[in-house]
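Residues per chain, in single letters:
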Amino acid sequence: MGRKALCEIPPMGWNSWNTFTENISEDLIKQTVDAMKEQGLLEAGYEYVVIDDCWSLRERDSEGRLVADPEKFPNGMKALADYVHEKGFKFGMYSCCGTRTCAGYPGSFEHEFEDAAQFAEWGVDYLKYDNCYKPQNHDGKTLYRRMGIALANSGRDIVFSACQWGTDSVYDWIGSSGAHLFRSTGDINDSWNSIRDIAHSQLDKQAFSGAYCHNDMDMLVVGMYGKGGNSYISAGGCTDEEYQTHFSLWAMMNSPLMIGCDVRNLTDATKKILMNQDLIAINQDKECRAPFLCSENPESFVLVKFLSNGDIAVGMFNMGDTAAGVAVNFWDIGLNAGSGRGLEFYDCIEHQNLGIKKEIFSSTVAAHGSKIYRCKVVSVK
Ligand code: GAL
């Protein structure tokens, strides 16, 4: 029996990099798992706990194996994986397609099958696979295919998270490489400009993402408030309104939702954003339909996504520095007036019903703000 099809819908979880960079340890991961469980994040859907770069020793052992840093992980990775699994989560780790990881630890180049076997033995369920130190004359396409084959034949169900940064024309080949998700941009940081630029850069790439191979717009910075693991990531932080817009964008654009803040200290505002079940339901919709642009102005745009039960999600985004009126014309969605149908609007951030609208709907959206509606198609005759 082969393995089962994996990762139909965008994965959700937590990743250590944004807040902790190299300062990771068994204690931190256990505390994170405990906090996620206690606060209801697992129940909300955040199931993968992923250790990013800097977990291993600087060199492989004499038999060529990767070795967990005994100071950071004194009981080794198998024991930690067991702990994560006992608490009901899935366990993720990190490697790189080149000779070194981005932080200079051993990469998996020419060790793909041994490393995949090692990860499987430890109980790894998810591998983030970075793009640094690629040997000359090797393009991303074949290096990611190599690990795709190795993981799919490792004897364990391991989600393959390609961290490819959108290089090497990744959109053209990633779907066939075995990857279940692919990073499409450079690294996010905790600033409004970073969120805005990533979103803008992916607006015309939505059709490349779909069930079983998701466009990963990078880990969330929601709730970090300027406390990144290095000066690049910190970047000053964002307001809660901006974090909400970030989450609304990632939810509407079908990105994986990987929390990047310290979950041991969540503010109420952060919890409200991360645990918004109405937005999570849009992100996790089974059919993974790509959202489409319905109107685009220099500072604002409207994204529309068809959901599997016939509902239609409408997201209004104002990237500008002052409040703006944003409108969606139902004709552009595909709902002409002659159909005798309108839309019943439910506000997924305020959690309230706004009633039935005909032909056009407009709303004032705050500076750097967003509105997300789940709409039912109803008769208006
Ligand atoms: C980058 C990657 C980040 C993080 C970092 C670790 O290349 O995009 O998400 O994994 O490497 O060194």
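Values in this document were obtained by computation on a predicted structure and should not be read as measured data. (Residues numbered from 1 in each chain as written. Predicted model: local features only at pLDDT ≥ 70, side-chain atom pairs only at ≥ 80, totals over all residues. Heavy atoms only, no water.)

Student: Help me understand the sheet that holds strand β10 (residues 300-306) in this model?
Tutor: The strands making up a sheet associate through backbone hydrogen bonding, with each pair oriented either parallel or antiparallel. Read from one edge of the open sheet, six strands run β9-β10-β11-β16-β13-β14, paired in antiparallel fashion. Two strands lie at the open edges of the sheet, namely β9 (292-296) and β14 (352-357), each paired on one side alone. Strand after strand, the sheet turns through a mean of 25 degrees between neighbouring axes, direction not considered. As defined by bridge partners, strand β13 (residues 341-347) adjoins strand β16 (residues 370-379) across seven bridges and the pair is classed as antiparallel. (Pairing = 2+ DSSP bridges. Helix = DSSP H or I, 4+ residues; strand = E, 2+ residues; numbered from the N terminus. Axes fitted to C-alpha atoms, helices over the stretch in contact; angles between N-to-C directions.)

Student: Whenever I open this one, the site of the ligand confuses me. Can you help?
Tutor: By nearness alone, 13 residues border the ligand, and D52, D53, K128, D130 and D187 come closest of all. Within the contact set of the ligand, an oxygen atom lies 3.2 Å away from a side-chain nitrogen or oxygen of W165. In the environment of the ligand, an oxygen atom lies 3.1 Å from a nitrogen or oxygen atom belonging to the side chain of R183. Here the ligand, which alone exposes 300 Å², has 95% of that area covered by the protein. When its residues are assigned to classes, the shell around the ligand shows seven nonpolar, no polar and six charged. (Near = heavy atom within 4 Å. Polar contact = N/O pair within 3.5 Å; in protein donor to acceptor, adjacent residues only side chain to side chain. Areas by Shrake-Rupley, 256 points an atom, 1.4 Å probe, with all protein chains shown as cover. Nonpolar A, V, L, I, M, F, W, Y, C, P; charged D, E, K, R; others polar.)

Student: Looking at this structure, I do not really get the pairing of strand β4 (residues 126-130). What am I missing?
Tutor: The side chains of a regular strand alternate between the sheet's two faces. Of all the five residues making up β4, five are buried; the element is thus mostly covered by neighbouring parts of the structure. The alternating pattern of β4 places Y126, K128 and D130 and L127 and Y129 on opposite faces, both of which are buried. In this sheet, β4 lies alongside strand β3 (residues 90-96) in parallel orientation, the contact comprising five bridges. Directly across from Y94, in β4, lies its bridge partner K128. Each parallel crossover has a hand, and the one from β3 via helix α5 (residues 112-122) to β4 is right-handed. When β4 meets strand β5 (residues 159-162), the two strands line up parallel, connected through four bridges. Looking at β5, one finds that Y129 is bridged to A162. (Buried < 20%, exposed > 50% of the residue type's maximum accessible area, 1.4 Å probe, protein only. Right-handed = clockwise from strand over helix to strand, strands pointing away.)

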